[in-house]
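As a plain string of letters, each chain reads:
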Amino acid sequence: MKKLQRDFYTRDANTLAHDLIGKILVHGETSGIIVEAEAYTSTDKASHSYGRRRTKRTEIQFLEGGFAYVYMIYGMYYCFNVTANVHDVPEAVLIRALEPLSGIELMKTRRGISDVVRLCNGPGKLCEALSITREHYGEDLLGDEIYILDDGRKYNVMTSERVNIDYAEECREFLWRYYAGGNKYVSRT
């Protein structure tokens, strides 16, 4: 297995989202295979950086790809994103679901459930299972805290509309959600 390097991340968000399917997200003792991801760009009304909006929250997206963009939704759930593209092109990929790989008992304890299929089948769930919080905002994925590995695993990658972005008008119809076809750990089929 090899850790992904900067050139893997410095591509457009859609290419990155597609190619992240099958890679392994690692944080501490826990890890999971990425089975679902969504792309977001600055021309996309669903993106926090839509129109190149630069705020304290989106600042990390303006760096080159390969950093953790972590934010809270609904005042209670964290979402983990991977920044994409080159410097000053704000794009990100939301990691929506993982197939648990290591540290499964610890994940069960953190989530308070025993059903392995439900441990990481949503962005908030996977952050809770892997203990990813806002403290990890800006973490360099080339470091040793949170990183992504490639073990050569391949999946049949499918596309669909993204989830829960009805506010994004015509952008909600973009086929920018990528997932491992037939994988039971995907959040929605």
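The shown structure was predicted, so the numbers you read here are calculated from the model rather than taken from an experiment. (Residues numbered from 1 in each chain as written. Predicted model: local features only at pLDDT ≥ 70, side-chain atom pairs only at ≥ 80, totals over all residues. Heavy atoms only, no water.)

Within helix α2 (residues 13-20), the full set of buried residues consists of A13, N14, L16, A17 and L20. On an axial view of α2, the arc spanned by its buried residues comes to 160°, and they lie on one face. Looking at the packing, one finds that the buried side of α2 touches α1 (6-9), β3 (30-40), β5 (77-83), β6 (92-102), β7 (146-150) and β9 (177-180). The backbone nitrogen of N14 has a side-chain oxygen 3.1 Å away, supplied by the residue at the start of α2, namely D12. (Buried < 20%, exposed > 50% of the residue type's maximum accessible area, 1.4 Å probe, protein only. Helix = DSSP H or I, 4+ residues; strand = E, 2+ residues; numbered from the N terminus. Arc of directions from axis to C-beta. Contact = heavy atoms within 4.5 Å. Polar contact = N/O pair within 3.5 Å; in protein donor to acceptor, adjacent residues only side chain to side chain.)

Further remarks concern the packing of helix α3 (residues 104-111) against helix α4 (residues 123-130). Close contact between α3 and α4 brings their axes to 7 Å; oriented N to C, the two are set at 115°. With respect to each other, α3 and α4 are oriented roughly perpendicular. Considering the relative orientation of α3 and α4, their crossing is right-handed. Here M107, R110 and R111 of α3 come into contact with α4, specifically with K125, E128, A129 and L130. In the contact of α3 with α4, the residues fall into 3 nonpolar, no polar and 4 charged. (Axes fitted to C-alpha atoms, helices over the stretch in contact; angles between N-to-C directions. Parallel < 35°, antiparallel > 145°, perpendicular 65-115°, else oblique. Left-handed = near helix turned anticlockwise from the far one by under 90°. Nonpolar A, V, L, I, M, F, W, Y, C, P; charged D, E, K, R; others polar.)

Our focus in this paragraph is the nonpolar core. Ranked by internal contacts, the top residues of the largest apolar core, which has 45 residues, are L20, L25, F80, V82, I95 and I148. Considering every element that reaches this core, the biggest residue donor is β3, with 5 residues. In this view, V82 contacts Y9, L16, L20, F67, E91, A92, V93, I95, L141 and I148; residues no more than four positions away in its chain are not counted. (Core = buried A, V, L, I, M, F, W, Y, C linked by side-chain atoms within 4.5 Å.)

The subject of this paragraph is the pattern of salt bridges. Using the criterion set out here, one finds 10 salt bridges in the structure. As a salt-bridge pair, K108 and E105 come within 3.3 Å of each other at their nearest N and O atoms. Residue K108 and its partner E105 are both found in helix α3; the two are separated by 3 residues, about one turn of the helix. With a relative accessible area of 55%, E105 lands in the exposed category. Close ionic contact of R153 with D151 constitutes a salt bridge, the shortest N to O distance being 2.7 Å. Exposure remark for R153: the relative accessible area of 27% places this residue in the partly exposed category. In the salt-bridge network here, residues are joined through shared partners; they are E36, E38, R96 and R177. (Salt bridge = Lys/Arg side-chain N within 4 Å of Asp/Glu carboxyl O.)

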